[in-house]
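Listed below are the residues making up each chain.
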Number of protein chains: 2
Amino acid sequence: MTAPSAPLVFLPGPTALHPRVALETRAALADGFLSESHRSPRFRACLVAMEEALRSLLEIPQDHRILIVGSATEAMERIIEGTVTRRSAHLLNGAFARRLRDVAVNLGREVVEATVPDGQGFPGSPDRFRDPGVDRLLDGAELLAMTQNETSTGVRIPPDLIHALADRAREHGALSVVDLVTGWPSEAVDPARMDCGFFSVQKGFGLPAGLGILVVSPAFVERARERQARGQVTGGYMGIPALAQVADRHETRATPNMLAIRLLAAVAEDYARQGREALDGAVRRRAAVFWNAVVDLPGLTPLVEAGPSRSRTILVVEVAGGSGPLRDRLARRGLLVGDGYGPGKGRHLRVANFPVQTDPMLERLLEGLRNEV
Amino acid sequence: MTAPSAPLVFLPGPTALHPRVALETRAALADGFLSESHRSPRFRACLVAMEEALRSLLEIPQDHRILIVGSATEAMERIIEGTVTRRSAHLLNGAFARRLRDVAVNLGREVVEATVPDGQGFPGSPDRFRDPGVDRLLDGAELLAMTQNETSTGVRIPPDLIHALADRAREHGALSVVDLVTGWPSEAVDPARMDCGFFSVQKGFGLPAGLGILVVSPAFVERARERQARGQVTGGYMGIPALAQVADRHETRATPNMLAIRLLAAVAEDYARQGREALDGAVRRRAAVFWNAVVDLPGLTPLVEAGPSRSRTILVVEVAGGSGPLRDRLARRGLLVGDGYGPGKGRHLRVANFPVQTDPMLERLLEGLRNEV
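Since we're looking at a predicted model, the values are computed, not measured.

Conventions we followed
Within each chain, residue numbers correspond to sequence positions counted from 1 in written order. Note on labels: chains are lettered from A, ligands numbered from 1, in written order. Residues qualify for local features only when their pLDDT is at least 70, as the model is predicted, and side-chain atom pairs are given and counted only at 80 or more; totals for whole chains, interfaces and linings, by contrast, use all residues. Neither water nor hydrogens contribute to the side-chain values; these are computed over all heavy atoms in the structure. Between Lys or Arg on one side and Asp or Glu on the other, a salt bridge is scored when a side-chain nitrogen of the former is within 4 Å of a carboxyl oxygen of the latter. Helical segments are the DSSP runs of H or I of at least four residues, strand segments are the runs of E of at least two, and each set is numbered from the N terminus. Whether a residue is buried, partly exposed or exposed follows from its accessible area with a 1.4 Å probe, protein chains only, as a fraction of its type maximum: under 20%, in between, or over 50%, in that order. The source of the domain bounds is an automatic or database domain assignment. What makes two residues a contact is simply this: any of their non-hydrogen atoms within 4.5 Å. Buried area: the sum, over both parts, of the accessible surface (1.4 Å probe) that disappears when the two are put together. Charged residues are taken to be Asp, Glu, Lys and Arg, nonpolar residues to be Ala, Val, Leu, Ile, Met, Phe, Trp, Tyr, Cys and Pro, and polar residues to be all remaining types, Gly included. Counted as a polar contact is a pair of N or O atoms within 3.5 Å, where, for protein atoms, one must be capable of donating a hydrogen and the other of accepting one, and residues adjacent in sequence contribute only when both atoms are in side chains. In superposing the copies, a least-squares fit is computed on C-alpha atoms, taking residues whose pLDDT is at least 70 in both. Definition of nonpolar core: a set of buried residues of the types Ala, Val, Leu, Ile, Met, Phe, Trp, Tyr and Cys, connected through side-chain atoms within 4.5 Å. Whether two strands pair comes down to DSSP finding at least two bridges between them. Only C-alpha atoms enter the line fits that serve as axes; for helices the fit covers just the stretch in contact. Angles between N-to-C directions range over 0 to 180 degrees.

1. Looking at the pattern of salt bridges
Here comes step 1: In total, this model carries 64 salt bridges over all chains according to the counting rule given.
Here comes step 2: A salt bridge links R78 of chain B to E74 of chain B, with the nearest nitrogen and oxygen atoms 2.8 Å apart. Of this pair, R78 of chain B and E74 of chain B both sit in helix α3 (residues 72-83), 4 residues apart, which is roughly one turn of that helix.
Here comes step 3: What makes R78 of chain B buried here is its relative accessible area of 3%.
Here comes step 4: The structure contains a network of salt bridges with shared partners spanning R20, E24, D31, E36, R42 and R262 of chain A.

Below, the structure written as structure tokens:
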């Protein structure tokens, strides 16, 4: 679908568009969908199709709800506003983990946190999280927030560790909340094992920006409803109890980004046909090819050491002397890679390796890197 | 641009698409815009273009800011969350005025209200609002909320009355907030005369849904900043102080609906070239033609009596015996008109008469009505 002169996009999000996006958008412009009511049978059918495709792709249990917001950032606000009265606990491994912590602080909640330096993973195995440090962190916390794949640094928490930490949270009566913005759809994080996973569509799903999705457990909704019943504020209009109620009717609370919902239905159906394992397999294979090539190139160093803490979908490379000139040379070859984020700005390359990127794209990128470093 | 078989859309929103939407969306799919960062020079230029077009079209003073959210409903939440500590005052003339009141209640604020029955306007002239009732309403209120054009009932508050009420609010130290969801761009409500006007793009602007805009005064932002400085919660991440700060840099707080911003720039530029007076002139002329025709048709009665309280852009007709069958017959002729909203469901027709609807469309609708009533 790409014209010969169009650049290849490896930006960490908004990223390259899935081929279904152009086709489905043209269809939506032609068939009147965008001028219909969000209460119309056609839009409701589209919403159901989107939900079913996500359930199939991400293995979402039937009793978990799919809630619709405007962005992953809005998701963070709705989560804290809806489910935390006093205190939330946060594992901090980068800028987006800190963002969720900041949301809690801004909303007047106490926060407790465990921090690793940017670029490092939480050490050890699921067992390590039986240590007394985790118990102290969770003591009195209503929620444990984790970032499975830190988009700012390319640090990963393996799914088995996420599941173990969610179990640990549950033992303490805390909800588990996982940022899966650049983890899903390829990472095997199981929605049945946690209370809330959220993402925005312009990253792992290859869609235009403007939609956020939360996948939430019955316990998550129940917590928000209990708080509301006790007279606590859970939101102005789009709070968790209200979003859960409309989700049960396959409706939305306000007029949503209808085009994005139709596009997500199409892309999630496509990915569900391939299956999450196949998506992850391709992502892993390309990540391995990338790192094998990068170790031979001068001045390039992986930010995250090899192993389970290194992201498969956000490949972060430290560039000796700064990343700006190399990014510019790659861009002149039609290869768009991301800058570092926050503290990594000007120092790192961030290369998206989502399901929407392809083997031939990666080959072109590696050829460009070999010629330009 | 419309195929002969495509229906003509008079739904009150999402409504008919402006012709620029299809062209500009195709361009955005082809030129890589949707895969760029929202921090990229091209997106920032688009944001500046959107702001300048809105400033020109709506005559927004340079010191007023343009803030970006996901929907008009989200705008309501950000307004109350950001600027009201204790009490807000509401003029209630329909379902969307009640929604903003409900947002304040849900966020734990006290509300005081003045109500007219659905379908009736606030009586009298700007002078009437010098009466003691208004003073009582505003006493201790931090904000006066008004709905200029009630999308649920087609009741209008004339701009001079909006301006007078905003002045009255200011005398009491209250901010004036105006729902302009189906008023702008054609209604001559002056942003310089009030503290906040807000709208979503799928109504008067003829765009796909998924974007809300607030136009706010320096006093509005200052109020939110003062509250924040006193330790009051103004939002988790996308609160008014944060949205104002990024607006000053021509940035957005999170990755926004980039396509919608580009589309709004294009349509607002087109409307700014025509000028707000020309848009309103066409809207008024078509409304007059519509009502002149309707008085001759059996079983159809305007919900709102003729005069300044009757909306020009949302034409609401009561149908003797119920509106469902007539709507169905019109739909079979390719004429889509809205159902009543809330209490009016099944009883009213709601006909959108935005700048995006045209004279030939209206002629076709009247021909359909004459044949089907």
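2. Points about the domain arrangement of chain A
Residue and element names in this part refer to chain A.
Here comes step 1: Split by domain assignment, chain A resolves into domain 1 (9-18 + 275-372) and domain 2 (19-272).
Here comes step 2: One C-alpha centre belongs to domain 1, the other to domain 2, and the line joining them spans 25 Å.
Here comes step 3: Each partner contributes to the interface: domain 1 provides 28 residues, whereas domain 2 provides 42 residues.
Here comes step 4: When the buried area of domain 1 at its contact with domain 2 is split by residue, H18, R276 and Y341 rank highest and sum to 33% of it.
Here comes step 5: Where domain 1 meets domain 2, there are 1 salt bridge.
Here comes step 6: The partner of R312 in a salt bridge is E187, with the nearest N and O atoms 3.9 Å apart.
Here comes step 7: Of all elements in the fold, only α10 (276-294) and β12 (314-319) reach the threshold of two or more residues within the side of domain 1 that touches domain 2.
Here comes step 8: With 4 residues, the single largest contributor to the side of domain 1 that touches domain 2 is α10.
Here comes step 9: Taken together, the residues that form the side of domain 1 that touches domain 2 break down as 16 nonpolar, 7 polar and 5 charged.

3. Brief notes about the interface of chain A and chain B
Here comes step 1: Counting residues at the interface gives 42 residues for chain A, matched by 42 residues for chain B.
Here comes step 2: In this assembly, chain A packs against chain B so that about 3400 Å² is buried in total across both faces, 60% of it on carbon and sulfur atoms.
Here comes step 3: Between E77 of chain B and R78 of chain A there is a salt bridge whose closest N-O contact spans 2.9 Å.
Here comes step 4: Applying the counting criterion to the chain A and chain B interface returns 14 residue pairs in polar contact (both at pLDDT 80 or more).
Here comes step 5: For the side of chain A that touches chain B, the secondary-structure elements that each account for two or more residues are α1 (19-30), α3 (72-83), α4 (95-106) and α9 (258-274) of chain A.
Here comes step 6: Looking at the side of chain A that touches chain B, the element that brings in the most residues is α3 of chain A, giving 5 residues.

4. Remarks on the relation of the copies chain A and chain B
Here comes step 1: For the pair chain A and chain B, the superposition axis carries a translation of 0.0 Å, the fit reaches an RMSD of 0.0 Å, and the rotation angle comes to 180 degrees. Expressed as an axis order, the relation between the two copies is that of a two-fold axis. For chain A, the residue whose C-alpha comes nearest the rotation axis is G70 of chain A, separated from it by 2.8 Å.
Here comes step 2: Counting the interface residues of chain A, we find that 100% of their copies in chain B are interface residues as well, pointing to one common contact surface.

5. Here we look at the nonpolar core
Here comes step 1: L54 and F290 of chain A together with L54 and F290 of chain B are the most contacted members of the largest nonpolar core, which has 184 residues in total.
Here comes step 2: The contact partners of L54 of chain A, leaving out residues within four places of it in the chain, are E59, I60, I66, F199, F205, I213, L264 and A268 of chain A.
Here comes step 3: Membership of the second largest hydrophobic core comes to 62 residues, among which are A145 and A244 of chain A together with Y237 and A247 of chain B.

6. Considering the environment of F43 of chain B
Here comes step 1: Within the secondary structure, F43 of chain B sits in helix α2 (residues 41-58).
Here comes step 2: Taking the C-alpha atoms as reference points, F43 of chain B and R26 of chain B, 17 residues apart in sequence, are found 16 Å from one another.

7. Side note on the sheet that holds strand β8 (residues 175-179) of chain B
Backbone hydrogen bonds are what pair the strands of a sheet, in a parallel or an antiparallel way.
All names here are of chain B.
Here comes step 1: With mixed pairing, the 7 strands of this open sheet are ordered in space as β2-β10-β9-β8-β5-β3-β4. The sheet is open, and its two edges are formed by β2 (65-69) and β4 (110-115), each paired on a single side. Sheet twist, expressed as the mean angle between neighbouring strand axes with direction ignored, is 20 degrees.
Here comes step 2: In the sheet, strand β9 (residues 196-200) pairs with strand β10 (residues 212-216) via 5 bridges, with the strands oriented antiparallel. The residue of β10 that forms the bridge with G197 is V215.

8. Digging into the sheet that holds strand β2 (residues 65-69) of chain A
All names here are of chain A.
Here comes step 1: If you walk across this open sheet you meet the 7 strands as β2-β10-β9-β8-β5-β3-β4, and the pairing is mixed. Bordering the open sheet on either side are β2 and β4 (110-115), each of which pairs with just one other strand. Going from strand to strand, the sheet's axes swing by 20 degrees on average, the running direction of each strand aside.
Here comes step 2: The pairing of strand β3 (residues 87-92) with β4 spans 6 bridges and is parallel. Within the sheet, the bridge partner assigned to S88 lies in β4 and is V111.
Here comes step 3: Helix-sheet contacts for helix α7 (residues 218-229) involve β2, β8 (175-179), β9 (196-200) and β10 (212-216), and the interaxial angle to β8 is about 115 degrees.

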